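Residue-level structural notes
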Amino acid sequence: MTTTNAQSTPNSALDIDTSPPEMLKPEEVVRYLRVLRERIPSEPSSTVTGLRRRLAHVDANFVHAAVNAVGATEGVQKVLGRTDEELREEIDVSSRWTAVADELRSLLQSILLSNSVRRQRIGLAALQTYKICQQMVRDEKNASLEAHIVEMKRLNRFGRRRRTTAPA
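To keep things clear, this report deals only with the structure shown in the data block. Worth saying up front: this structure is predicted, and the values here are computed from it rather than measured. (Residues numbered from 1 in each chain as written. Predicted model: local features only at pLDDT ≥ 70, side-chain atom pairs only at ≥ 80, totals over all residues. Heavy atoms only, no water.)

The geometry of helix α3 (residues 60-72) relative to helix α5 (residues 84-136) is characterised by a closest axis approach of 8 Å and an angle of 155 degrees between their N-to-C directions. The angle between α3 and α5 falls in the class roughly antiparallel. Listed contacts from α5 to V63, H64, V67, N68, V70 and G71 of α3 are D84, L87, R88 and I91. Residue composition of the contact of α3 with α5, grouped by class: five nonpolar, three polar and two charged. (Axes fitted to C-alpha atoms, helices over the stretch in contact; angles between N-to-C directions. Helix = DSSP H or I, 4+ residues; strand = E, 2+ residues; numbered from the N terminus. Parallel < 35°, antiparallel > 145°, perpendicular 65-115°, else oblique. Contact = heavy atoms within 4.5 Å. Nonpolar A, V, L, I, M, F, W, Y, C, P; charged D, E, K, R; others polar.)

Following this line, the structure appears as structure tokens:
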């Protein structure tokens, strides 16, 4: 009878790495995004006029009917300079890049929301610091906080009332 050591034989079902991934620093994300941007094929942009802007929103059913018409005769293909297969491929590529745009939009919203939460936590900590300092300065040994409190009070717009202007 032979026994196998569980540590010496790797089992893909058991060797799954469950540790959380290392979080990226903002500077690293920017660097990755710049590298990614350089690798994404881009179309030459022309001046976006009203007509060009509307051309991007031609009804999809109309586009498919036009592609079918291109495929129906070689004469249309010759005049257009493109085949129906080329147009179908471009439609497919456009759809796939739309998925990329949706994911990037979702990523952007996630980053904006996370940063907003960070700013809220920072703001809360700053306001709590102000209130704590106001309490601590009552003790003479914390008199050095007075200058800080005066500066925070001058800069605090959070709790101030807006001045009302007298109607003319």
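Scanning all chains against the criterion turns up six salt bridges. A salt bridge links D139 to K141; the nearest nitrogen and oxygen atoms lie 3.9 Å apart. In this structure D139 comes out as partly exposed when scored by relative accessible area, which is 37%. (Salt bridge = Lys/Arg side-chain N within 4 Å of Asp/Glu carboxyl O. Buried < 20%, exposed > 50% of the residue type's maximum accessible area, 1.4 Å probe, protein only.)

Bringing the environment of K153 into the picture now. With respect to the helices and strands, the residue K153 is situated in helix α6 (residues 145-155). In this structure K153 comes out as exposed when scored by relative accessible area, which is 54%. Note: C-alpha distance between K153 and Y130 (23 residues apart in sequence) is 8.2 Å.

On to α3, then. In an α-helix, one turn spans 3.6 residues, which is why side chains three or four residues apart end up on the same side. Counted at 1.5 Å a residue, the expected span for α3 with its 13 residues is 18 Å, and the 18 Å between its end C-alpha atoms agrees. The N-cap residue of α3 is D59: its side-chain oxygen and the backbone nitrogen of N61 are 3.0 Å apart. (Expected span 1.5 Å × (residues − 1). Polar contact = N/O pair within 3.5 Å; in protein donor to acceptor, adjacent residues only side chain to side chain.)

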